[in-house]
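Commentary on secondary and tertiary structure
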Amino acid sequence: MRPSDDELSRALHDPPDPPLHPLPLAVADLLRALAAPPRLAAHLRAVHDVARQLVTWAEGHCAGLAVDREAVLFGAATHDIGKVVHPAELSGPGSLHEEAGRELLVAHGIAPELARFAATHAMWTDPGVTLEDLLVSTADKVWKNKRVPALEDLVVARLTEATGRPRWEEFLAFDELLEDLGAGADHRLAYQASFTTTRPAP
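Residues numbered from 1 in each chain as written. Predicted model: local features only at pLDDT ≥ 70, side-chain atom pairs only at ≥ 80, totals over all residues. Heavy atoms only, no water.

A look at the overall build of the chain
Looking only at helices and strands, the chain features 11 helices and zero strands. Across the chain, helices and strands are ordered from the amino to the carboxyl terminus as α-α-α-α-α-α-α-α-α-α-α. Its C-alpha atoms give the chain principal-axis dimensions of about 55 × 35 × 30 Å. For the chain, the proportion of its 202 residues judged to be buried stands at 49%. Long-range pairs, those at least 24 residues apart, make up 68% of the contacts in the chain between residues at least 6 apart in sequence. Surface exposure of the chain reaches about 9400 Å², of which carbon and sulfur atoms provide 57%. Charge separation in the chain, taken as the distance between the mean sites of 19 positive and 30 negative side-chain charges, equals 4 Å. (Helix = DSSP H or I, 4+ residues; strand = E, 2+ residues; numbered from the N terminus. Buried < 20%, exposed > 50% of the residue type's maximum accessible area, 1.4 Å probe, protein only. Contact = heavy atoms within 4.5 Å. Areas by Shrake-Rupley, 256 points an atom, 1.4 Å probe, with all protein chains shown as cover. Lys, Arg positive; Asp, Glu negative; His and termini not counted. Charge placed at Lys NZ, Arg CZ, Asp CG, Glu CD.)

Here it is, written out as structure tokens:
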């Protein structure tokens, strides 16, 4: 049986325990218009919440750091939106959703510089990658307590460049943050798993 829009609304708006910030209103409206699977909405909400904590920490840790907070939050909130087009990738591996997500966002009027996160969240070694890209990629890993040293090293390098502090000091500070964020992974995973991968009935 297909879920009703009520389940999608719960994924988008209900306060889980522990709490997760709601998605930006424009993203929630787009997910509803696309009849997104509730599990996708829950996943985007969990990653968006972790991204919010990452960027808030970065801003406080590095005074004057040039980071586009709203881009990071939008990127995290939409990074997997291509799974509306490729729903098998909600429960299995695959990368078709990446470019499909970028194209979907652009088709719905999203500026290319924001739509790019849907395509770049798994491409952190590409030339031209920004700190914003790295933070979205990190959020997409650490939400489930997955650690990717090569990705984390790239973030640490940006932090070291911004602060002028020794690399080891930045590494320890970032590692402590990721440990703290990873501690909430079981709750986030359980929250996501509580929603179906089936799209709501029209």
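Now that the structure has been shown, the text picks up again.
Notes on a nonpolar patch on the surface
Side chains of Trp 168, Phe 171 and Leu 172 sit close together on the surface and give an oily, nonpolar patch of about 330 Å² of accessible area. Along the chain, Trp 168 falls in helix H10 (residues 167-182). (Patch = residues over 30% accessible without salt bridge, like charges linked within 9 Å, V, L, I, M, F, W, Y side chains within 5 Å. Salt bridge = Lys/Arg side-chain N within 4 Å of Asp/Glu carboxyl O.)

Concerning the pattern of salt bridges
Scanning the model with the defined rule gives 11 salt bridges in all. One salt bridge in this structure joins Asp 80 and Lys 83, with 3.2 Å as the shortest N-O distance. Of the charged contacts in the structure, one is a salt bridge between Arg 165 and Glu 170, with a shortest N-O distance of 2.7 Å. Counted as one network, the salt bridges with shared partners bring together Arg 147, Glu 152, Asp 175 and Glu 179.

As for helix H5 (residues 96-107)
Along its 12 residues, H5 runs 17 Å from first to last C-alpha, staying within 8% of the 16 Å computed at 1.5 Å per residue. Taken together, the buried positions of H5 are His 97, Glu 98, Ala 100, Gly 101, Leu 104 and Leu 105. Where H5 is buried, its residues touch helix H2 (25-33), helix H4 (69-78), helix H6 (112-115) and helix H7 (117-120). Downstream of H5 by one or two residues, Gly 109 has phi in the positive range, about 85°. (Expected span 1.5 Å × (residues − 1).)

Section: the packing of aromatic side chains
Counting across every chain of the model gives two aromatic pairs. Ring geometry for Trp 57 against Phe 174: centres 5.9 Å apart, planes inclined by 45°, an arrangement best described as tilted. Here Phe 174 lies in helix H10 and Trp 57 lies in helix H3 (residues 38-61), a separation of 117 residues in the sequence. Among the residues examined, Phe 174 registers a relative accessible area of 2% and is labelled buried. (Phe/Tyr/Trp six-rings, centres within 6.5 Å; stacked < 30°, edge-to-face > 60°.)

Here's the deal with the environment of Pro 19
Here Pro 19 lies in the loop between helix H1 (5-13) and H2. For Pro 19, a relative accessible area of 64% corresponds to the exposed category.

Quick notes on the nonpolar core
One finds Leu 31, Leu 54 and Phe 174 to be the most contacted residues of the largest nonpolar core, which totals 61 residues. If you tally residues by element for this core, the top one is H3, at 12 residues. Among residues more than four places away in sequence, those in contact with Leu 54 are Leu 135, Thr 138, Ala 139, Phe 174, Leu 177, Leu 178 and Leu 181. (Core = buried A, V, L, I, M, F, W, Y, C linked by side-chain atoms within 4.5 Å.)

Brief notes about the packing of H3 against H10
With their axes 11 Å apart at the nearest point, H3 and H10 run at an angle of 150° to one another. As the angle between them shows, H3 and H10 are arranged roughly antiparallel. Our pair here, H3 against H10, has a crossing hand that is right-handed. Where H3 abuts H10, its residues Val 50, Gln 53, Leu 54, Trp 57 and His 61 lie against Glu 170, Ala 173, Phe 174, Leu 177, Leu 178 and Leu 181. Tallied by class, the residues present in the contact of H3 with H10 amount to eight nonpolar, two polar and one charged. (Axes fitted to C-alpha atoms, helices over the stretch in contact; angles between N-to-C directions. Parallel < 35°, antiparallel > 145°, perpendicular 65-115°, else oblique. Left-handed = near helix turned anticlockwise from the far one by under 90°. Nonpolar A, V, L, I, M, F, W, Y, C, P; charged D, E, K, R; others polar.)

By themselves, these figures tell us nothing about what the structure is for.
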